[in-house]
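As a plain string of letters, each chain reads:
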Amino acid sequence: SESMLERYSYIDGDATTGGNFQMSKTLWKTIRKANKAIENFELIADGTDVQRNEYLGEAYFIRAMAHFSMCRFFGGLPYIDHALLADESWDLPRGTAHDTYVRAADDMYTAYEYLKAANYMRRNNPTNLNPGSSILRRPSGCIALAIRARALMYAASPLNNQNGAEDWQAAADACALALSAAL
């Protein structure tokens, strides 16, 4: 019997070292870690509100980005929005690419809301433009909105569109919001 990881992976080369298999294995682990961070968020006792919003926004961003990235490679997949427990069924139905992109977009919007509350709409202010600054490698609210718009454009594409003009309108609205936030 195949594991979920094997079922939703395209093995490129050797299963133990192959590129796409290792990528999907890493992204499934990343999704689990993001879900654990979201679920255990309340256990953070000594963080400020800004730190809490930043960390929660980053966790939603990472979960959405992992699903979005895998969907681009493998098509629709189960959208794992909680850490699966040992006694849960891990044999989850494969979703459509449209549904995966829309759910990733929803998570990106949640990430944007938390990052905005943490005052991290942009991270490229003059004090952070130092080439060695690690802050530039972290997500911001503007980036979350941009990737949300991209996910909704993928969902609206002729390959994935399920709602006709409604999908295109959602993508256009998301693009307009991302542009207005960035300018």
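Quick caveat: nothing in here was measured; it's all calculated off a predicted structure.

Enquirer: Would you take a moment to explain the overall build of the protein for this structure?
Expert: Helix and strand content of the protein: six helices and zero strands. Counting over 183 residues, the protein shows a buried share of 41%. A separation of at least 24 residues holds for 61% of the contacts in the protein among residues at least 6 apart in sequence. Of the roughly 10,200 Å² that the protein leaves accessible, carbon and sulfur atoms contribute 55%.

Enquirer: Any chance you could explain the environment of Gly95 here in plain terms?
Expert: Here Gly95 shows up in the loop between α3 (49-74) and α4 (97-117). Taking the C-alpha atoms as reference points, Gly95 and Gly75, 20 residues apart in sequence, are found 8.7 Å from one another. Setting aside chain neighbours within four positions, we find Gly95 in contact with Gly76, Leu77 and Pro78.

Enquirer: I keep staring at the packing of aromatic side chains and nothing clicks. Help me out?
Expert: Think of a pair of aromatic rings as described by two things: how far the centres are apart, and how the planes are tilted against each other in angle. Under the criterion given, the structure shown has six aromatic pairs. Pairing Tyr60 with Tyr114 gives two aromatic rings, centres 5.9 Å apart and planes at 10°, and the pair type is stacked. With Tyr60 in helix α3 and Tyr114 in helix α4, the pair connects residues that are 54 residues apart, well separated along the chain. The interplanar angle of 45° and the centroid separation of 6.1 Å between the aromatic rings of Phe73 and Phe74 together place this pair among those described as tilted. A network of ring pairs unites the aromatic residues Phe68, Tyr101 and Tyr154 as a single cluster.

Enquirer: Just to check I follow, could you spell out unusual backbone geometry for this structure?
Expert: For residues that are not glycine, phi is negative in most cases, and the peptide bond is trans in most cases. One non-glycine residue, Asn119, lies in positive phi territory at about 65°. Overall, Asn119 belongs to the exposed group, its relative accessible area being 65%.

Enquirer: Looking at this structure, how should I read the packing of α3 against α4?
Expert: Taken N-terminus to C-terminus, the directions of α3 and α4 make an angle of 160°; their axes are 8 Å apart at the nearest point. Taken together, the axes of α3 and α4 are roughly antiparallel relative to one another. Where α3 crosses over α4, the handedness of that crossing is left-handed.

Enquirer: What should I look at first to understand the pattern of salt bridges in this one?
Expert: Pairing between side chains becomes possible if they bear opposite charge and their charged atoms approach one another. Per the counting criterion, the structure on display carries four salt bridges. Notably, a salt bridge pairs Glu54 with Arg138, separated by 3.2 Å at the nearest N-O pair. Of the two residues, Glu54 is situated in helix α3 and Arg138 in the loop between α4 and α5 (141-156); the sequence distance between them amounts to 84 residues. When the shortest N-O distance is used, the salt bridge between Arg103 and Asp81 registers 2.8 Å. Of the two residues, Arg103 is situated in helix α4 and Asp81 in the loop between α3 and α4; the sequence distance between them amounts to 22 residues. Judged by its relative accessible area of 34%, Arg103 falls in the partly exposed class. Beyond isolated ion pairs, a larger network of salt bridges with shared partners links Glu54, Glu58 and Arg138.

Enquirer: Quick question: what am I supposed to make of α3 here?
Expert: Helical geometry: 3.6 residues make up each α-helical turn, so side chains three or four residues apart lie on a common side. Helix length check: α3, at 26 residues, gives a terminal C-alpha distance of 37 Å against a target of 38 Å (1.5 Å per residue), a fit within 8%. Phi for Gly75, located one or two positions after α3, is positive at around 85°.

Enquirer: How should I be thinking about the confidence of the model for the protein in this particular structure?
Expert: Caution applies to low-pLDDT regions: their predicted coordinates should not be interpreted in detail. With 83% of its residues at a pLDDT of at least 70, the protein reaches an overall mean of 85. This model gives residues 4-18 a pLDDT under 50, and the stretch forms 31 contacts once residues within four places in sequence are excluded.

Enquirer: I keep staring at the side chain of Thr100 and nothing clicks. Help me out?
Expert: Following the sequence through the fold, Thr100 ends up in helix α4. Those residues within four positions of Thr100 in sequence are excluded, and the remaining contacts are His67, Cys71, Gly76, Leu77 and Tyr79.

Cut-offs and rules
Residues numbered from 1 in each chain as written. Predicted model: local features only at pLDDT ≥ 70, side-chain atom pairs only at ≥ 80, totals over all residues. Heavy atoms only, no water. Helix = DSSP H or I, 4+ residues; strand = E, 2+ residues; numbered from the N terminus. Buried < 20%, exposed > 50% of the residue type's maximum accessible area, 1.4 Å probe, protein only. Contact = heavy atoms within 4.5 Å. Areas by Shrake-Rupley, 256 points an atom, 1.4 Å probe, with all protein chains shown as cover. Phe/Tyr/Trp six-rings, centres within 6.5 Å; stacked < 30°, edge-to-face > 60°. Axes fitted to C-alpha atoms, helices over the stretch in contact; angles between N-to-C directions. Parallel < 35°, antiparallel > 145°, perpendicular 65-115°, else oblique. Left-handed = near helix turned anticlockwise from the far one by under 90°. Salt bridge = Lys/Arg side-chain N within 4 Å of Asp/Glu carboxyl O. Expected span 1.5 Å × (residues − 1). pLDDT = per-residue confidence, 0-100.

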